[in-house]
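A structural walkthrough
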Amino acid sequence: MRMSKLYMPTLREVPSEAEIPSHKLLLRGGMIRKLVSGVYSYLPLGYRVIRKIENIVREEMDNAGSQELLMSAIQPKEIWESSGRWDNFGPEMFKLKDRNIREFCLGPTHEEYFTSLIRDEIKSYKQLPLNLYQIQTKYRDEKRPRFGLIRAREFIMKDAYSFDRDVEGMEKSYQDMWKAYERIFTRLKLKYKVVEGDSGAMGGNQSHEFMAMSEVGESLVAYCDNCDYAATDEKATVVYNVERTEEDMKDMEKVPTPNTTTIEDLVDFFHIDKSNFGKALVYKIGGEPVVAIIPGDRELNETKLCNYLKVPEHELELADEKTIEKISGAAKGFTGPVGLKEDVKILVDSRITHMRNIIVGGNETDYHLKNVNFGRDFTGEVVEDLLLIDKGDICPKCGKTLLLDRGIEVGNIFQLGTKYSDSLKATYLDENGKEQPIVMGSYGVGVSRSMAAIVEQYHDENGIIWPLVVAPYHVIITIINVKNEEQRELGERIYKELKDRGLEVLLDDRNERAGVKFNDRDLIGIPIRITVGKRANENIVEYSLREDGINEDIPVEAIGDKIEEKFKKEGLTI
Ligand code: ATP
Ligand code: MG
């Protein structure tokens, strides 16, 4: 491709909303453009990357025995009502009506659609197992679209669904997909971790997330470098040992605590550590208040709370001050588990039940209660673990201190079991002619998100450093001065030869200053670079790689070997 013809609208200035490198560089490099919040188009260079990612995903899915098809984005309300997710998916679902006022959604995912598709065709155990996938556009009206392609409202996903006769079969399909995902993300050159995930709105049992590690990642990953434990912060089991369980219970006391509404205020006031307090958090779920009591030095994990209450996360909200006043009779900051005004559901993190003589809100403005004990002074539903993982927590598997790092979720695998086959009545007849539910799994890869994740891991202050395997072009030839005939001719000749060898080549034949060309070349991150300049008359060019920028003068005849060497190093062939 000649750059004089290429549609590559690079930007000097970055739109102010772009906060992270991938968002800035993909915009600046003329690879994507925003239409409205969370909705992007892929321009020629960017779309080449997308297609390369898709092809890697496709090859590995095909190799794993999955079959590609393509379904519509438009889905009728009815199939989503059968699974209960028309309402449960919440405001993230884009809904629309046709001219006859029939309701539809733009698919945020396709479990219901795939299940309803195969249920009419699959009759016998002989047709199972089956694994189908598509690479398609998904729609989610995200609460906070941001970070460009990372949290978009329209994005490209590969979604696959496995259909098996029994749980054993599903587990095998799950393992196969796991392995395929490892190959996909390895080929994409992503540094990633596989971590236990929360099954959330998908339902089902086990799930794992593939996290591209990056400091801008929205997910926190807890992992152990001593054993193989790794989980998202939503899922991670918190091992939190409570001391002082042997202490005798003292008499409960009411203490005036004017204007001490935060844990920090209380620590200053009582001169004791945060861990001596019982923190009350008031939520509203479908209008009903719920109070959760957790140790004062910890944060609550809302995913664990929702899972315990079996409500989707979008139904959970922190209570407003009016609700708090209504149930506690006191201002915010003074809520506690003893003597709440109404018959409110109280959830107690199990650690609280072992603590002795804690300090809690007094349910009276400017008062706290001292020496409060679970069982004697208050009760509630005890929940094993409501806590968010924190620095210094230990591994639930081996006891070593966990490490915390940020990651971008690029893939997700779920064991769904029979959630969708039960509700949508997808069954088969077994060897004995008995009707059985199909056992399912679902498997997603964020194709467009992966593109951004690659940029997060491969860039410097000057631009993107595409790994060769996904780069929009393999080689860029820069002609320093297009008005110089020798330079132009040599550039053209190399361009033709490399293209004839099957390489993807950009020829910078623009009538621009060398500085402009070099800056663009760095920005768009083409891995292999050939500069045709002053020594064109000697058949000498400069050769360098984007990743290290080290220039070498080489004769034209040596270019082929150099490029081959690079391909070999990356495990690729021309
Ligand atoms: P997240 O927790 O980031 O919202 P999710 O659990 O909702 O992700 P899935 O429903 O498992 O995501 O979707 C499969 C894959 O699609 C994800 O692993 C991710 O790579 C990608 N994905 C999900 N939401 C978005 C989005 N808003 N923009 C871009 N990619 C997304
Ligand atoms: Mg999501």
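Above this text you will find the structure in question.
Report follows, based on the coordinates. All values reported here derive from a predicted model rather than from experimental measurement. (Residues numbered from 1 in each chain as written. Chains lettered and ligands numbered in written order. Predicted model: local features only at pLDDT ≥ 70, side-chain atom pairs only at ≥ 80, totals over all residues. Heavy atoms only, no water.)

For the rest of this paragraph, the subject is the pairing of strand 11 (residues 219–223). The buried fraction of strand 11 is high, at five of five residues. Looking at chain direction, strand 11 and strand 21 (residues 403–417) are connected through five bridges and run antiparallel. Bridge assignment links tyrosine 223 to a residue of strand 21, and that residue is leucine 403. For strand 11 and strand 12 (residues 230–232), the ladder comprises three bridges, and the chain directions are antiparallel. What sits directly across from alanine 222, in strand 12, is alanine 231. Following strand 11, the chain reverses through six residues before pairing antiparallel with strand 12. (Buried < 20%, exposed > 50% of the residue type's maximum accessible area, 1.4 Å probe, protein only. Helix = DSSP H or I, 4+ residues; strand = E, 2+ residues; numbered from the N terminus. Pairing = 2+ DSSP bridges.)

Let us look at the packing of aromatic side chains. The tally for this structure, following the rule as stated, stands at 13 aromatic pairs. Where phenylalanine 270 meets phenylalanine 277, the ring centres are 5.9 Å apart and the plane angle is 65°; that geometry is what we call edge-to-face. Take phenylalanine 270: its relative accessible area is 16%, and that puts it in the buried class. Residue class for phenylalanine 277 comes out buried when judged on its relative accessible area of 1%. The ring of tyrosine 367 is capped by lysine 254, whose NZ or CZ atom sits 4.7 Å from the centre of that ring. (Phe/Tyr/Trp six-rings, centres within 6.5 Å; stacked < 30°, edge-to-face > 60°. Lys NZ or Arg CZ within 6 Å of the ring centre and 35° of its normal.)

Turning to the site of ligand 1, a few remarks are in order. Neighbouring residues of ligand 1: 16 residues in total, closest Arg140, Glu142, Arg151, Ala152 and Glu409. One nitrogen or oxygen atom from the side chain of arginine 140 is found 2.8 Å from an oxygen atom belonging to ligand 1. Between glutamate 142 and ligand 1, the recorded distance is 2.8 Å, taken from a side-chain N or O atom to a nitrogen atom. In the complex, the protein chains occlude 86% of the 580 Å² of accessible area that ligand 1 would expose alone. Ranked by the residues each element gives to the shell around ligand 1, the list is headed by strand 21, at five residues. Taken together, the residues that form the shell around ligand 1 break down as eight nonpolar, three polar and five charged. (Near = heavy atom within 4 Å. Polar contact = N/O pair within 3.5 Å; in protein donor to acceptor, adjacent residues only side chain to side chain. Areas by Shrake-Rupley, 256 points an atom, 1.4 Å probe, with all protein chains shown as cover. Nonpolar A, V, L, I, M, F, W, Y, C, P; charged D, E, K, R; others polar.)

Considering soluble globular proteins, one finds that nonpolar side chains tend to be buried as a cluster. Core analysis: the largest hydrophobic core is formed by 59 residues, its most contacted members being Leu26 and Trp466. Broken down by element, this core gets its largest block of residues, seven residues, from helix 2 (residues 44–63). Each of domain 1 (21–71 + 108–236 + 404–456) and domain 3 (473–569) gives at least three residues to this core. Apart from residues no more than four positions distant in its own chain, tryptophan 466 is found in contact with Leu26, Met31, Val49, Met451, Ile454, Val455, Ala471, Pro472, Ile524, Gly525 and Pro527. Counting residues in hydrophobic clusters, the runner-up holds 26 residues, among them Val238, Ala292, Leu300 and Leu402. (Core = buried A, V, L, I, M, F, W, Y, C linked by side-chain atoms within 4.5 Å. Domains from an automatic or database assignment. Contact = heavy atoms within 4.5 Å.)

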